[in-house]
Amino acid sequence: MDFNLSEEHKMIRDAARDFAQTELLPGVIERDEKQHFPKELVKKMGELGFMGVMVDPKYGGSGMDTISYVLIMEELSKIDASASVIVSVNNSLVCYGLETYGTEEQKQKYLTKLATGEFVGAFCLSEPEAGSDATSQRTRAIDKGDHYLINGTKNWITSGGRADVYIVIAQTDRDKGSHGINAFIVEKGTEGFHVGPKEDKLGIRGSDTHTLQFNDVKVPKENRIGVNGSGFRFAMKTLSGGRIGIAAQALGIAQGAYELALKYSKERKAFGTEICNHQAIAFKLADMYTDIEAARLLVMKSATDKDAGNNYDKSSAMAKLYASKVAMEHTVEAVQIHGGNGFVKEYHVERLMRDAKITQIYEGTSEIQKIVISRSILRD
């Protein structure tokens, strides 16, 4: 085992860190307050190769490995989790799904634009009654011969109001259960496709989240991804990779909060000395550092499994479960270390605390991760 990053990985990490500090940081508080989608920053991230990190260069991607993706996600998330979740969905769910399961025509038409950031992608699985229970799809796709008609509602869709390409999971044959589900590519502006109002969220407020409505949306047969009935498997395998991205996001949020807390503890004085010299604070920092390092190892293990071609369902679930727990617990501690200032927006930690919570919910709740892990260890 080698726990050291290669020189190439260090360069990728440093490039992402520099972008986060110079481009994301200056307006991050205002974007959070006003719920502004970082349109121009997404374009710049596309130019840097962040929107198609693992996509083959022949489709416009950066051709990097999952470790590189994790490093980029961590650095972006330390500063702005709203920007990083746009990157995560575009990479893990949309680009990966199309490159792995799409036809060559679909890749040429859509993947080449998604990988460069010209297009933004959205992944549409969740519904009012199909969140954690993804098999209970109420959105229907009726086979009409040369096309499908899609009807239904999708909830909590990241980049829902800004995406150009939507991957929509829908039930084609209810009698077949999970084997009657398909995945479809729906383009922005298709007749009958409506975007609802933006959700007013606790955290990741710079990321657009919307409800989507499909009313007799006509989708050509060639826009179905994979063979008939493969949509549920497509969604579950895609989400396994997505968990690595969200685990890296949680890791970045935790690391960002720790770095702010450490810096503040060395500057703030109480009882005649910097507060980092008080054991109560020093022990908090020790716990934060240890837990974050443990989370980092789990995240890197899942990324390594994916790059090696191993089954990463269990390792990605463990990484997301633990990293999201660490993010939630230690952003709270970062606020505590800041005292009253922790409640003030200009110190950033309150935003990181709000952003941390969603990492325990989206792309599979912590409870779902435990189901995945337990089933895996009982099957082994």
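Numbering of residues begins from 1 in every chain and follows the order in which that chain's sequence is written. Residues qualify for local features only when their pLDDT is at least 70, as the model is predicted, and side-chain atom pairs are given and counted only at 80 or more; totals for whole chains, interfaces and linings, by contrast, use all residues. Values shown for side chains rest on all heavy atoms present in the structure; no hydrogens or waters enter the calculation.

Here the focus is the overall build of the protein chain. In this description a helix means any DSSP run of H or I spanning at least four residues, a strand means any run of E spanning at least two, and both kinds are numbered starting from the N terminus. Each helix and strand counted, the protein chain has eleven helices and ten strands in total. In this description the radius of gyration comes from C-alpha coordinates, and the expected globular size is given by 2.2 Å times residues to the power 0.38. Over its C-alpha trace the protein chain gives a radius of gyration of 21 Å, about what one expects of a compact globule, namely 21 Å for 380 residues. When its C-alpha atoms are laid out on the principal axes, the protein chain stretches across 80 × 45 × 40 Å. Per-residue burial for the protein chain yields a buried fraction of 53% across its 380 residues. Note on definitions: a residue-residue contact is assigned when non-hydrogen atoms from the two residues lie within 4.5 Å. Restricting the contact set of the protein chain to residue pairs at least 6 apart, pairs at least 24 apart contribute 74%. Positive charge is attributed to Lys and Arg, negative charge to Asp and Glu, and no charge count is given to His or to the chain ends. Charged groups are reduced to one reference atom each: NZ for lysine, CZ for arginine, CG for aspartic acid, CD for glutamic acid. The distance from the centre of the 48 positive side-chain charges to the centre of the 52 negative ones in the protein chain is 2 Å. Type-normalised accessible area, obtained with a 1.4 Å probe on protein chains alone, sets the label of each residue: buried when under 20%, exposed when over 50%, and partly exposed for intermediate values.

With that settled, consider the packing of helix α4 (residues 66–79) against helix α8 (residues 279–308). In this analysis an axis means a line fitted to C-alpha atoms, helices contributing only their contacting stretch, and an angle means the value between N-to-C directions, from 0 to 180 degrees. Running from N to C, α4 and α8 point in directions that differ by 145°, and their axes come no closer than 8 Å. Contact with α4, carried on its side by T66, I67, V70, L71 and E74, involves R296, V299, M300, A303, T304, K306 and D307 of α8 and no other residues of that element. Considered class by class, the residues forming the contact of α4 with α8 number six nonpolar, two polar and four charged. Classification convention: Asp, Glu, Lys, Arg as charged; Ala, Val, Leu, Ile, Met, Phe, Trp, Tyr, Cys, Pro as nonpolar; all other residues, Gly among them, as polar.

Next up on the list: the pattern of salt bridges. The rule for a salt bridge is simple: a side-chain nitrogen of Lys or Arg has to be within 4 Å of a carboxyl oxygen of Asp or Glu. All chains considered together, the criterion is met by 27 salt bridges. Between E23 and K44 there is a salt bridge, and its shortest N-O distance comes to 3.0 Å. Remark: K44 occurs in helix α3 (residues 39–47) and E23 occurs in helix α1 (residues 7–24); sequence separation between them is 21 residues. A salt bridge links E267 to K263; the shortest N-O distance between them is 2.9 Å. Pair noted here: E267 and K263 are both in helix α7 (residues 231–267), with a separation of four residues, about one helical turn. A cluster of three or more residues bridged by salt bridges with shared partners is formed by R17, E75, K78 and E259.

Here we take up the pairing of strand β2 (residues 140–143). Note on pairing: DSSP must find at least two bridges between two strands before they are called paired. Where β2 lies against strand β3 (residues 147–158), four bridges are found, and the strand directions are antiparallel. By the bridge assignment for β3, A141 is matched with I150. Between β2 and β3, which pair antiparallel and follow one another directly, the connecting turn spans three residues, one of which, G145, has a positive phi of 95°.

So, about the UniProt feature "domain: Acyl-CoA dehydrogenase/oxidase N-terminal" (unreviewed entry) in the protein chain. UniProt records the feature "domain: Acyl-CoA dehydrogenase/oxidase N-terminal" (unreviewed entry) at residues 6–118, using the numbering of this structure. Spanning residues 6–118, this segment combines 71% helix with 0% strand, and its end C-alpha atoms are found 30 Å apart. UniProt positions are given in the numbering used here, feature names are shortened, and annotations may be inferred rather than shown by experiment.

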